[in-house]
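Here are the chains, one letter per residue:
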Amino acid sequence: MTLPPVPPTDLNLPQRTLLGPGPSNVHPRVLRAMSLPCIGHLDPAFLEVMNGTIDLLRYVFQTENRLVMPVSGTGSAGMEAALVNFIEPGDTVIVGVSGLFGERMADIVGRAGGRLVRVDAPWGEPLDPDEVATALAAHPGAKALTVVHAETSTGVLQPLEPLARLAREHGCLFIVDTVTSLAGVPVKVDEWGLDVVYSGTQKCLSCPPGLAPLTAGERAVEVLKARKTKVQSWYLDLPMLVSYWGTERFYHHTAPVNMVFALYEALRLIAEEGLEARFARHRVNGEALLAGVRAMGLEPFAREGYRVPMLLSVKVPDGVNDLEVRKDLLGRANVEIGGGLGPTKGRIWRIGLLGHSAQRENVLLVLAALEAALGRQGFKAGPGAGLAAAEAVYRAEMATAPPAGASGPKAGGR
Ligand SMILES: *Cc1c(COP(=O)(O)O)cnc(C)c1O
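Residues numbered from 1 in each chain as written. Predicted model: local features only at pLDDT ≥ 70, side-chain atom pairs only at ≥ 80, totals over all residues. Heavy atoms only, no water.

### Section: the pattern of salt bridges
Oppositely charged side chains can form a pair if their charged atoms are brought close together. Counting across every chain of the model gives 22 salt bridges. When the shortest N-O distance is used, the salt bridge between Arg118 and Glu103 registers 2.9 Å. On the criterion of sequence distance, the pair formed by Arg118 in strand S4 (residues 115-120) and Glu103 in helix H4 (residues 100-111) is long-range, its members being 15 residues apart. The class of Arg118 is partly exposed, set by a relative accessible area of 35%. Judged by relative accessible area, which is 33%, Glu103 ranks as partly exposed. In the salt-bridge network here, residues are joined through shared partners; they are Arg29, Glu265, Arg268 and Glu272. (Salt bridge = Lys/Arg side-chain N within 4 Å of Asp/Glu carboxyl O. Helix = DSSP H or I, 4+ residues; strand = E, 2+ residues; numbered from the N terminus. Buried < 20%, exposed > 50% of the residue type's maximum accessible area, 1.4 Å probe, protein only.)

Have a look at this one:
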């Protein structure tokens, strides 16, 4: 056998500003935590990090739930865990579908043997609670209702409280995807009555991808205990995972130790900033970006009043090539934004200001770079209009609430 040539250079990657739908930029303190020496997944020092991570996750989820843990795997592993543990073959599950991630939930429900009942909304619109109520009334034995809080494929924020009330009235579990919303907008697990909630690390938590924080309340735990069949996934079997993340510390699989360090540090950054300040930072920067793109003559895609503040979906103007603009941004400004998916492919851009990426300088950077890229496509956005509109939002914000956090924790600080 011949030895393969050793690649001559180190990984030599560009420094990107990540302003797409995830991953988001990672704070240097999180990267430093990841580079700490690996220790054993049952080392007493690691067990302390696990406990600290769980406590901080309770803060971010705004819950007193006992069952809180990061599932090993990306957001989709959280989705799969949240579904396969609570659904048994033959169970009826009502799935709200208004974009790609709702479709993914519907797919998993079917694979888990659930009887799928869809409630659809067009891409760009939220679900209609009346239609959900109708579906619940037509299927009185439904085991669960599932929805996506922030539908990343469309930029729509789904109000959760009315749906949580409906699920409660009909005695079914409410299972919610907060992959993009958690730590960007309020997710009040206990106050709103959300039964099973999962997220992912690379959106507003601003870690690299790799873990899926998950929590389940007592009603959900009762459903888990009453299962008649084994959970068909060995890896995502929550009772077994609880025996590792809980007090028993039984080995199940080797936790991704350094990824847990990263999440711990990312959560510490969130606690230092405070959830309210963090939400305000996402809101202000999102408003500035929206004002900026509007002033440039672009139109938002998601329905007004239901927009995710930190993930702007915007229509690609007629005559402009989506891919050329994104290539231009990446090639000239090292800025990544997202394109559309499925029915919106080539029709929208998705500009994310998630977690550590939600900074005033990033808003100004993407507006300037977008104006230039659009100009090269023959689309004339009034010169400087986007920047001026964004600056006006920051000035108005400073006038009403001086330290409202237009910028987040700084790189290199502390
Ligand atoms: C990103 C995302 C997921 C999937 O997460 P992965 O980390 O890509 O597996 C699921 N749901 C929503 C709403 C997302 O934005």
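The discussion continues.
### Description of the packing of helix H3 (residues 75-84) against H4
Axis separation between H3 and H4 bottoms out at 10 Å; the angle between their running directions is 45 degrees. Regarding the angle of H3 to H4, the classification is oblique. Handedness of the H3/H4 crossing: right-handed. Only Phe101, Arg104, Met105, Ile108 and Val109 of H4 make contact with H3, whose side of the interface consists of Ser76, Met79, Glu80, Leu83 and Val84. Split by residue class, the contact of H3 with H4 holds seven nonpolar, one polar and two charged. (Axes fitted to C-alpha atoms, helices over the stretch in contact; angles between N-to-C directions. Parallel < 35°, antiparallel > 145°, perpendicular 65-115°, else oblique. Left-handed = near helix turned anticlockwise from the far one by under 90°. Contact = heavy atoms within 4.5 Å. Nonpolar A, V, L, I, M, F, W, Y, C, P; charged D, E, K, R; others polar.)

### As for the sheet that holds strand S13 (residues 338-339)
Judged by pairing direction, the sheet is antiparallel, and its three strands sit side by side in the order S11-S14-S13 without closing on themselves. Only two strands of the sheet have a single neighbouring strand rather than two, namely strand S11 (311-315) and S13. Two strands pair when backbone bridges link them, and S13 and strand S14 (residues 348-352) are joined in this way by two bridges, in the antiparallel orientation. Directly across from Gly339, in S14, lies its bridge partner Trp349. (Pairing = 2+ DSSP bridges.)

### Some thoughts on helix H13 (residues 360-376)
Helix length check: H13, at 17 residues, gives a terminal C-alpha distance of 25 Å against a target of 24 Å (1.5 Å per residue), a fit within 8%. Summarising the contacts, the buried residues of H13 are in contact with strand S1 (17-18), helix H11 (275-295), helix H12 (322-333), strand S12 (335-336), S14 and helix H14 (385-400). Looking one or two residues past H13, Gly378 carries a phi angle of roughly 85 degrees, positive in sign. (Expected span 1.5 Å × (residues − 1).)

### As for H3
The buried count for H3 comes to eight of 10 residues, which makes it a mostly enclosed element. Against strand S2 (67-72), H4, strand S5 (144-148), strand S8 (173-177), strand S9 (196-198) and strand S10 (211-216) lie the buried residues of H3.

### Focus: the domain arrangement of the protein chain
By a widespread convention, an interface's size corresponds to the accessible area lost as its parts come together. If you check the domain split of the protein chain, you get domain 1 (28-271) and domain 2 (275-398). The centre of domain 1, based on its C-alpha atoms, is set 29 Å off from the matching centre of domain 2. Opposite the 28 residues of domain 1 that make contact, domain 2 presents 23 residues. At the boundary of domain 1 with domain 2, total buried surface from both sides reaches about 2,100 Å², with 68% on carbon and sulfur atoms. Counting the surface domain 1 buries against domain 2, the share from its top three residues, Trp123, Gly155 and Cys204, is 21%. Here domain 1 and domain 2 share one salt bridge between them. Residue Arg303 pairs with Glu125 through a salt bridge whose shortest N-O separation is 2.7 Å. Counting every contact that joins domain 1 to domain 2 gives 10 residue pairs in polar contact (both at pLDDT 80 or more). Elements represented by at least two residues in the side of domain 1 that touches domain 2 include exactly helix H2 (44-61) and strand S7 (156-157). Classifying every residue of the side of domain 1 that touches domain 2 by side-chain character gives 16 nonpolar, 10 polar and two charged. (Domains from an automatic or database assignment. Buried area = accessible area lost by both parts, 1.4 Å probe. Polar contact = N/O pair within 3.5 Å; in protein donor to acceptor, adjacent residues only side chain to side chain.)

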